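Report on the structure
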2 protein chains.
Amino acid sequence: MLDQIKIVKPTEIEKNSMAIITKELGDRTFPPLEEPIVKRCIHTSADFDYADNLVFSESAVEKALEAIRNGASIVTDTRMAASGVNKRRLAEFGGQVHCFMDHEDVAKEAKERGCTRAVVCMERGSKIEGPVIFAIGNAPTALIHLYELIREGKADPVLVIGVPVGFVNVIESKELFIGSEISHIIAKGRKGGSNIAAAICNALIYQA
Amino acid sequence: MLDQIKIVKPTEIEKNSMAIITKELGDRTFPPLEEPIVKRCIHTSADFDYADNLVFSESAVEKALEAIRNGASIVTDTRMAASGVNKRRLAEFGGQVHCFMDHEDVAKEAKERGCTRAVVCMERGSKIEGPVIFAIGNAPTALIHLYELIREGKADPVLVIGVPVGFVNVIESKELFIGSEISHIIAKGRKGGSNIAAAICNALIYQA
């Protein structure tokens, strides 16, 4: 069986994968700036649901690309999402990836205040200088608190990538953003994840 | 809208999520040792396909649990999967997580030999002392090369978690293991990912 597998170079694999995704999407069309994001989500999950469940606010991608070119930082809610973002390519524009979840003093502060670490992390992220993109792939509490911070004028991200995954408060946390004036890319429904958050960040970075 | 969301404690979220998954699985039953793994894959992806696509070789979980209790190491093919594994809990048994992908000398060796970094990483992983579990969530080339190493007697993992995701050589790489005598947990088809690899590792660690 082994000799039936044709080994393909890593650079070719991505090209061939994208061609297969394009073919299977058939007649589906997407706005040109959104298409690479939809495809990269499918590429990272092999789940074609992402052709239907991604919601982009008006000019969300355009604004994000401009911010990345101007050295925007990315704040994630998990170490896993931060690991998946292409930090080398982001750094070429001057941007950095931040995840505060495993900082010791974050755990301490959350305990003292009786809130989740995600809440503390969103607050730290909102204090970063310059343009910031939040990429939330895990914690609906992070997304909910980020919404509160924005409403209170305490956070002003250029984009919120809201793709937590799961069964409790996930749909509700996403619905806060859909239709709002906050620039967003949201995966409707239960699906998402740290891998999807990282894939959307990378699709933006590769386009910038 | 915000005041309609009932904030749930993180510890409760997982419990409630698992209850929803159990309910939606309805009459589906799984072998007791495999059930937590299936459910954690659904939990991490909100994708019920994992109720159908996970393949376990005979006693795969039993052997893996014993190995973890004896301090087994876990080798992943991505930094992202390594990030997702509960290293603190694994360390309580004496085990460590290894990912060689971003080691500088791995890139150098791969370039010199004209192979992928994944190939070099599998070779390094196979040289680790003591019981080793490989968790491959990304690179089919890693899974294929691991199969070759095992066939050549150069690797002897206690378990291969084979859940690369994608469209090129992914299904073929998984089919090498299904039905083989190598102890395995495989996600049939195109689906999988670093998040799924980490989820399976954690489901094993929490059961051990």
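Data block above holds the structure.
Described in the following lines is the structure provided in the data block. (Residues numbered from 1 in each chain as written. Chains lettered and ligands numbered in written order. Predicted model: local features only at pLDDT ≥ 70, side-chain atom pairs only at ≥ 80, totals over all residues. Heavy atoms only, no water.)

Digging into the interface of chain B and chain A
Where we set the bar: Contact criterion: two residues are considered in contact whenever any of their non-hydrogen atoms come within 4.5 Å of each other. Throughout, buried area stands for the accessible area (probe radius 1.4 Å) lost by two parts on being put together, summed over both. For salt bridges, the criterion is a side-chain nitrogen of Lys or Arg within 4 Å of an Asp or Glu carboxyl oxygen.
In this complex, chain B contributes 42 residues to the contact, which on the side of chain A involves 42 residues. For the chain B and chain A pair, buried surface summed over both sides reaches about 3400 Å², with 75% attributable to carbon and sulfur atoms. For the interface between chain B and chain A, the tally reads 3 salt bridges. Between Glu 24 of chain B and Arg 190 of chain A there is a salt bridge whose closest N-O contact spans 2.5 Å.

Side note on the nonpolar core
Convention followed: The nonpolar core is taken to be a set of buried Ala, Val, Leu, Ile, Met, Phe, Trp, Tyr and Cys residues, with the residues joined through side-chain atoms within 4.5 Å. Relative accessibility decides the category of a residue: with a 1.4 Å probe and only protein chains considered, values under 20% of the type maximum give buried, values over 50% give exposed, and everything between is partly exposed.
Counting residues in hydrophobic clusters, the biggest one holds 144 residues, and the most contacted among them are Ile 200 and Leu 204 of chain A together with Ile 200 and Leu 204 of chain B. When sequence neighbours within four positions are dropped, the list of residues in contact with Leu 204 of chain A reads Ile 37, Val 61, Ala 64, Leu 65, Ile 68, Leu 159 and Ile 161 of chain A.

Some thoughts on the sheet that holds strand S1 (residues 54-56) of chain B
Residues and elements named next belong to chain B. Going by this rule: Criterion used throughout: strands pair if DSSP finds at least two bridges between them. Comment: elements are numbered from the N terminus, with helices defined as DSSP H or I runs of at least four residues and strands as E runs of at least two. Simply put, an axis is a line fit to the C-alpha atoms, just over the touching stretch for a helix, and the angle between two N-to-C directions goes from 0 to 180 degrees.
With mixed pairing, the 6 strands of this open sheet are ordered in space as S1-S6-S5-S4-S2-S3. Two strands lie at the open edges of the sheet, namely S1 and strand S3 (97-98), each paired on one side alone. Bridge analysis of strand S2 (residues 73-76) against S3 gives 2 bridges, and the strand direction is parallel. The partner of Ile 74 across the bridge, within S3, is Val 97. Each of strand S4 (132-136) and strand S5 (159-162) touches helix H9 (residues 140-151); the most contacted strand, S5, lies at about 160° to it. On the sheet, helix H11 (residues 194-207) packs against S1, S2, S4, S5 and strand S6 (184-187) and is oriented at approximately 140° with respect to S5.

Regarding the side chain of Thr 78 of chain A
Residues and elements named next belong to chain A. What counts is decided by this rule: Distance and chemistry together define a polar contact, namely a pair of N or O atoms within 3.5 Å, with one atom able to donate a hydrogen and the other to accept it when in protein, and with adjacent residues in sequence counting only for side-chain atoms on both sides.
With respect to the secondary-structure elements, Thr 78 resides in the loop between strand S2 (73-76) and helix H5 (79-84). Classification of Thr 78 as buried rests on a relative accessible area of 13%. Engagement of the side chain of Thr 78 in a polar contact is seen with the backbone nitrogen of Ala 81, the distance being 3.0 Å. Excluding anything up to four places from it in sequence, Thr 78 contacts Cys 99, Met 101, Asn 138 and Ser 194.

Notes on the packing of aromatic side chains
Filter applied, for reference: Stacked, tilted and edge-to-face are the three classes applied to pairs of Phe, Tyr and Trp rings, where Trp contributes its six-membered ring and a pair requires centres within 6.5 Å; stacked means planes under 30 degrees apart, edge-to-face means over 60, and tilted covers the rest.
Applying the stated criterion to the full structure yields 4 aromatic pairs over all chains. For the pair Phe 167 of chain A and Phe 48 of chain B, a centre-to-centre distance of 6.1 Å together with 85° between the ring planes defines the contact as edge-to-face. Of this pair, Phe 167 of chain A sits in the loop between strand S5 (159-162) and helix H10 (170-175) while Phe 48 of chain B sits in the loop between helix H2 (35-45) and helix H3 (50-53), on two different chains. We classify Phe 167 of chain A as buried; its relative accessible area is 11%. Its relative accessible area of 23% is what places Phe 48 of chain B among the partly exposed residues.

Observations concerning the pattern of salt bridges
Residues and elements named next belong to chain A. In total, this model carries 29 salt bridges over all chains according to the counting rule given. Between Lys 39 and Glu 35 there is a salt bridge; the shortest N-O distance is 2.7 Å. On the criterion of helical spacing, the pair formed by Lys 39 and Glu 35 is a turn pair, its members being 4 residues apart in helix H2 (residues 35-45). A salt bridge links Glu 112 to Lys 108, with the nearest nitrogen and oxygen atoms 3.7 Å apart. Taken as a pair, Glu 112 and Lys 108 lie in helix H7 (residues 104-113) at a separation of 4 residues, close to a single helical turn.

A look at the relation of the copies chain B and chain A
A rotation about some axis, followed by a shift along it, carries one copy of the chain onto the other. Threshold: We superpose the copies by least squares over the C-alpha atoms of residues that have a pLDDT of at least 70 in both of them.
When chain B is brought onto chain A, the operation consists of a screw motion whose angular component is 180° and whose axial shift is 0.0 Å, with 0.0 Å RMSD remaining. The transformation relating the two chain copies, once decomposed into turn and shift, fits a two-fold axis. Considering only C-alpha atoms, the part of chain B nearest the rotation axis is Met 80 of chain B, at 2.6 Å. When the interface residues of chain B are mapped onto chain A, 100% of them again fall at the interface, so both copies present the same face.

Comments concerning empty space enclosed by the protein
Put simply, the rule reads: Grid points spaced at 1 Å and placed over the protein atoms alone form the basis of the search, with a cavity being a set where a 1.4 Å probe fits but cannot get out and a pocket an open set showing protein on both sides within 12 Å along at least five of seven lines. Lining residues have an atom within 4 Å of a point. Grid points are joined across faces, edges and corners, and a volume is the space filled by probe spheres set on the points. Put simply, Ala, Val, Leu, Ile, Met, Phe, Trp, Tyr, Cys and Pro go in the nonpolar bin, Asp, Glu, Lys and Arg in the charged bin, and everything else, Gly too, in the polar bin.
Per the stated rule, a full pass over the model turns up 1 cavity of 30 Å³ or more. A volume near 110 Å³ is recorded for the largest cavity. As for the largest cavity, its lining consists of 13 residues, of which Ser 45, Asp 47 and Asn 195 of chain A together with Ser 45 and Asn 195 of chain B are closest to the centre. Mapped onto the lining of the largest cavity, the elements with two or more residues apiece are helix H11 (194-207) of chain A together with H11 of chain B. Among the residues forming the lining of the largest cavity, the class breakdown is 4 nonpolar, 6 polar and 3 charged.

A look at the sheet that holds S2 of chain A
All names here are of chain A. Across the sheet, 6 strands lie side by side as S1-S6-S5-S4-S2-S3; this open sheet has mixed pairing. With one partner strand each, in any of the chains shown, strand S1 (54-56) and strand S3 (97-98) form the two edges of the open sheet. Across 4 bridges, the pairing between strand S4 (residues 132-136) and S5 is parallel. By the bridge assignment, Phe 134 is partnered in S5 with Val 160. In the packing of H2 onto the sheet, the strands contacted are S1 and strand S6 (184-187), and the crossing angle to S1 comes to about 155°. Contacts from helix H8 (residues 117-126) reach S2 and S4, with the element oriented near 160° to S4.

A few points about the packing of helix H4 (residues 60-69) of chain B against H11 of chain B
Residues and elements named next belong to chain B. Defined as follows: Angle categories are assigned with fixed cut-offs, so that under 35 degrees is roughly parallel, over 145 is roughly antiparallel, 65 to 115 is roughly perpendicular, and the rest are oblique. In this scheme the handedness of a crossing depends on how the near helix is turned from the far one: anticlockwise by less than a right angle means left-handed, clockwise means right-handed.
Where H4 contacts H11, the axes come no closer than 9 Å and their chain directions differ by 70°. The angle between H4 and H11 places the two elements in the roughly perpendicular class. As for the relative orientation of H4 and H11, their crossing is right-handed in sense. Of the residues in H11, those in contact with Val 61, Ala 64, Leu 65, Ile 68 and Arg 69 of H4 are Leu 204, Ile 205 and Gln 207. Here the contact of H4 with H11 is composed, by residue class, of 6 nonpolar, 1 polar and 1 charged.

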